[in-house]
Amino acid sequence: SSEFIVRIGGVGNNANLKTTFHLDKPTRVRIHALGEGLDGRMYDYGWIKNKNTDSVIWEMTFRKTDHAGGALKNRLYDGVIMLDAGTYEVFYVTNDSHSYASWNDYAPPEPTNWGISLRFEK
């Protein structure tokens, strides 16, 4: 299915975004996260927190990502995780350069996806 649970896209510089969602039952979720990372560090990235336990259950780290095309620092995570029933918060932050509509190097092939999205996965 291509139904979005969360879609934070086209994110610009100096962003600090958060949204909340709830799942009624254990659910397979596809995370598509596009951001900036270089030399083992992430600069534009997202993470997911379980609101009930206040613990980070997934984070876009450099090691979890692959080159996304375009500039070397464009990083992509595209994978499926299992989430229990509950309430979650999705965060996405950017630094002061190289983001949607303000690239300082080659943009990724899908620039409007700069951010994080979650979809239901069968």
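This write-up is about the structure you can find in this document. (Residues numbered from 1 in each chain as written. Predicted model: local features only at pLDDT ≥ 70, side-chain atom pairs only at ≥ 80, totals over all residues. Heavy atoms only, no water.)

Points about the side chain of Asn 74
One can find Asn 74 in strand β7 (residues 74-83). Owing to a relative accessible area of 0%, Asn 74 belongs among the buried residues under this scheme. Looking at Asn 74, its side chain comes within polar contact range of the side chain of His 98, at 2.7 Å. A distance of 3.0 Å separates the side chain of Asn 74 from the backbone oxygen of Tyr 106, its partner in a polar contact. (Helix = DSSP H or I, 4+ residues; strand = E, 2+ residues; numbered from the N terminus. Buried < 20%, exposed > 50% of the residue type's maximum accessible area, 1.4 Å probe, protein only. Polar contact = N/O pair within 3.5 Å; in protein donor to acceptor, adjacent residues only side chain to side chain.)

What about the nonpolar core?
Counting residues in hydrophobic clusters, the biggest one holds 25 residues, and the most contacted among them are Phe 21, Ile 31, Trp 58, Val 90, Ile 116 and Leu 118. At the level of elements, β1 (4-8), β2 (16-23), β3 (27-38), β4 (41-50), β7, β8 (86-93) and β9 (115-120) are the ones that each hand at least two residues to this core. Here the element with the most residues in this core is β3; it accounts for four residues. When neighbours within four sequence positions are excluded, Phe 21 is seen to be in contact with Ile 5, Val 6, Leu 83, Gly 86, Thr 87, Tyr 88, Val 90 and Leu 118. (Core = buried A, V, L, I, M, F, W, Y, C linked by side-chain atoms within 4.5 Å. Contact = heavy atoms within 4.5 Å.)

Notes on the pairing of β9
Inspection of the sheet shows β1 paired to β9 by four bridges, in the antiparallel sense. By the bridge assignment, Val 6 is partnered in β9 with Leu 118. Two elements, β3 and β9, share five bridges in a ladder whose sense is antiparallel. Following the sheet pairing, Ile 31 is matched in β9 by Leu 118. (Pairing = 2+ DSSP bridges.)

Quick word on the pattern of salt bridges
Summed over all chains, the structure comprises six salt bridges. For Lys 73, the salt bridge is made with Glu 36, and the minimal N-O distance between the two is 3.7 Å. With Lys 73 in the loop between β6 (66-67) and β7 and Glu 36 in strand β3, this pair connects stretches of sequence that are 37 residues apart. The class of Lys 73 is buried, set by a relative accessible area of 14%. Its salt-bridge partner being Glu 89, residue Lys 51 comes within 3.4 Å of it at the nearest N-O pair. Residue Lys 51 is located in the loop between β4 and β5 (55-59), and its partner Glu 89 is located in strand β8; the two are separated by 38 residues in the primary sequence. Lys 51 sits in the partly exposed class, given a relative accessible area of 43%. Each of Lys 18, Lys 51 and Glu 89 takes part in a single network of salt bridges with overlapping partners. (Salt bridge = Lys/Arg side-chain N within 4 Å of Asp/Glu carboxyl O.)

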